[in-house]
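# Chain and residue survey
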Amino acid sequence: MARRRSEGGATIPTLPGELNGAHPIESATLQEVPTEQHLAQWLEARGVSTNGWGDGVTKSVGKLWKELKGSEAGLDVWRTAEGKSMVMRSTHVLRGKVCSQLSYERGVFLFNTWQQFADGRKRTRNGLLSEKLNTEEIPLEDHLHEVCKRAVEEEEMGFLIDTAFVISPTNPPPDFDPEYKCPLKVIDEKFVDYTIEVEESKSFPGLQTAYHLYTVDIICSGLPGVDFNTLEYNDPDDGAGKRKLKYVHAWNWLNWPTIQRYLFEGSQLKETKKKGAFTSPEALEIWLMQHSLSTERWGTEGFKSCAALLKEIENDESQLELWGRHDGVQLLMRVVHVLQLKVISDDPRLQNKFLLQTWSQSRDGRVRDVSRLMSKKLTCAQVPFDESRFNRAAETVVQSQINYLADVHFSLNPGRPPTTEDMNGDPEVDVLSTKLVGMHHDIEESPSFPGLHTMYHLYTMEVECSGLPHSDFTSVDFERNGGPFAYGWKWRTLPESLDILHSRAQALERQDNKRRRALQSQSLMVTDNVEHLERILGIAQRMAEESSTSSGSSAGVLGPSQDVSELVHGLAEAVASLRSVAESSRLEEQTCAGASLAESLPPAMLSKMASDTITTDSFFEEVMAKQRTETVGRRTSARSWDLGCN
């Protein structure tokens, strides 16, 4: 089942965690709770204690009742899939990515960096335009334009002022000017995302709160091309009608990757999906789509399928993590632990050289350039890993990947893949020694599952072997799922390997620049075609209107007909389709030009992600200390032997 859609097309995510599959069974209406005393009784009867509400930083029952009365929040009883009942407060918030038409095409939006109170206090905001929604404005798609217009033109951005303006003892808060006309106009809005974050309320302890977050691109006219400040005023005082200053907002133009970096700050691990989390590939696909990950290309063009990812998870070879904060953006991450081996030979002719895998061929004949060390995903069924487990894993990888050898020109025949009987197995390759030499991490988009960001925890070992060919060769792996696979191996020194990686990086950069230029050209062509079609559509619409209002038609004059209606309808569909293509090209172009994910993540968040290794915190330091001790011991023994000989 794909993501359910409400009227108007806005996607509705399911509730996270144990609340997935829950549904509301009761609501606290003002008829049931006409006073705050009735509300307190209603909550107590459903297992929510209000003792201590109103103490310290918490809010009172009266505050919650005012939220219900003002339609600022809802209060419902939900029943989970396991039959458990839970009281849930719900709030709805619009997050606006405000931009001009030009800045929208460039991926640049306004970001609220700080706020200042009327008394002069200042605080860091680092957020998008935010607007609380009334429960009466849900579903949002039915009120989207009105809500965006209110947020921009009447509230946070209603009064523009110079970026240098701040409140100080010599610069008091300006009075509200009822004659001021906001120069900003909302000309278009594009729904981006809808997520739900659930956590216990800090204001009302013991009460779960669902934050419904709607992200919308709000395109405006009249925006300054430089950074600026705005004034936000409170609602009029009762009776007098005077409006006091609420905030000074500072707005900065930033590209979206930079904004994401700020929005990721303070993110926490919200959910982890491991073995047993999904009952089928379809269930996994639904969860991925719920978090805005398209799997349309998965299982095609050489990419792996949802079934392959599920198999990884069920084999404890990977897990999925969902990071975020209730007012930030979500990040879905695949986490993989990889053992990579620097395989060296005891043959003196191969001194200072190691094996570098240059290509990989699957049984369907598809060849992929790789340029990497021997590697294998580790299973995390039993953690933490110690030195002996790493050593056993290294020996297993060597035996599986270079047990069947062939000459350097060998390749798989898709029509007749080889069997173990066809190959010369057991080449008498023996592992003489293993040594852990490093641990690090890397983040990139998965080459197997497009669109899925992956954190690779990499554990590097040096493995010395005997019996290896002294020239370049090919091996066949029959143990890997979906095999056999053929691997090309070359003996390379470190400088040679660096030259190969540098050349490959340059080739990828040239390819990326070529792709970017092609996308720019495509986007311009599509935009021009949209404009031409819109002009033709306008002419066709006028023809349809004229023919429909005409009392009749004379010979040779087009009258009202189904042909004209079908023409207008076809042109409208073509315009909509081309607009979609233009938008896709624009987003793809921004992706090509954007920073890498690792560069977009705050250091603190990256450190949290990287700390989740399959070893103990002190493992690597202990291994390095042991190796240093052994090295010193060998040197001491060698000196003693030399002195004894002399």
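Residues numbered from 1 in each chain as written. Predicted model: local features only at pLDDT ≥ 70, side-chain atom pairs only at ≥ 80, totals over all residues. Heavy atoms only, no water.

## Some points on the overall build of the protein
Of the regular secondary structure elements, the protein holds 13 helices and 22 strands. Among the 646 residues that make up the protein, the fraction classed as buried is 41%. Within the protein, contacts between residues separated by at least 24 positions form 71% of all contacts whose residues are at least 6 apart in sequence. Carbon together with sulfur atoms contributes 50% to the accessible area of the protein, which is approximately 34,400 Å² in total. (Helix = DSSP H or I, 4+ residues; strand = E, 2+ residues; numbered from the N terminus. Buried < 20%, exposed > 50% of the residue type's maximum accessible area, 1.4 Å probe, protein only. Contact = heavy atoms within 4.5 Å. Areas by Shrake-Rupley, 256 points an atom, 1.4 Å probe, with all protein chains shown as cover.)

## Topic: the side chain of Asp76
Counting through the fold element by element, Asp76 comes out in strand β2 (residues 74-79). For the buried Asp76, no salt bridge exists, and the shortest N-O distance to an oppositely charged side chain is 10 Å, to Arg46. In terms of polar contacts, Asp76 uses its side chain to reach the side chain of Ser27, at 2.5 Å. Not counting the four nearest positions on each side in its chain, Asp76 is found in contact with Glu26, Ser27, Met86, Val87, Met88 and Ser90. (Lys, Arg positive; Asp, Glu negative; His and termini not counted. Salt bridge = Lys/Arg side-chain N within 4 Å of Asp/Glu carboxyl O. Polar contact = N/O pair within 3.5 Å; in protein donor to acceptor, adjacent residues only side chain to side chain.)

## As for the nonpolar core
Among the nonpolar cores identified, the biggest contains 32 residues, and Leu94, Val98, Val152, Met157, Ile218 and Leu223 are the most heavily contacted of them. Dropping the residues within four chain positions of it, Leu94 is found in contact with Leu129, Ser130, Glu131, Leu133, Leu140, Val147, Cys148, Ala151, Tyr214, Val216 and Ile218. Counting 31 residues, the second largest nonpolar core, distinct from the first, contains Leu341, Leu405, Met461 and Phe473. (Core = buried A, V, L, I, M, F, W, Y, C linked by side-chain atoms within 4.5 Å.)

## Some points on the pattern of salt bridges
Per the counting criterion, the structure on display carries 22 salt bridges. As a salt-bridge pair, Asp188 and Lys190 come within 3.4 Å of each other at their nearest N and O atoms. On the basis of relative accessibility, which here comes to 29%, the residue Asp188 falls in the partly exposed class. For the salt bridge of Asp422 with Arg416, the shortest nitrogen-to-oxygen distance reads 3.9 Å. Among the residues examined, Arg416 registers a relative accessible area of 55% and is labelled exposed. Taken together, the salt bridges that share partners define one network made up of Glu131, Glu137, Arg150 and Glu155.

## Examining the sheet that holds strand β4 (residues 108-117)
Here 5 strands make up an open sheet; going across it, the order is β5-β4-β11-β10-β7 and the pairing antiparallel. The strands lining the two open edges of the sheet, one partner per strand, are β5 (122-127) and β7 (159-161). Between one strand and the next, the sheet's axes are offset by a mean angle of 30°, whatever the strand orientation. Here 6 bridges tie strand β10 (residues 228-233) to strand β11 (residues 245-255), and the two strands are oriented antiparallel to one another. In the strand pairing of β11, Glu232 is matched with Tyr247. Of the strands in this sheet, β4, β5 and β11 are in contact with helix α5 (residues 256-264), which crosses β11 at around 130°. (Pairing = 2+ DSSP bridges. Axes fitted to C-alpha atoms, helices over the stretch in contact; angles between N-to-C directions.)

## Quick look at a positive patch on the surface
On the surface, a cluster of positive charge is made up of Lys59, Lys63, Lys66, Lys69, Lys132 and Lys246. With respect to the helices and strands, Lys59 occurs in the loop between α1 (36-45) and α2 (61-69). (Patch = residues over 30% accessible without salt bridge, like charges linked within 9 Å, V, L, I, M, F, W, Y side chains within 5 Å. Charge placed at Lys NZ, Arg CZ, Asp CG, Glu CD.)

## A look at the sheet that holds strand β18 (residues 404-406)
Across the sheet, 5 strands lie side by side as β16-β15-β22-β21-β18; this open sheet has antiparallel pairing. Lying at the two open borders of the sheet, with one neighbouring strand each, are β16 (367-372) and β18. Strand-to-strand twist across the sheet, computed as the mean angle between neighbouring axes with direction ignored, equals 30°. Pairing analysis gives 5 bridges linking strand β21 (residues 473-477) to strand β22 (residues 485-492), with the strands arranged antiparallel. Across the sheet, the residue bridging to Val476 is Ala486, located in β22. Contacts from helix α8 (residues 387-401) reach β21 and β22 within the one sheet, and its direction differs from that of β21 by about 105°.

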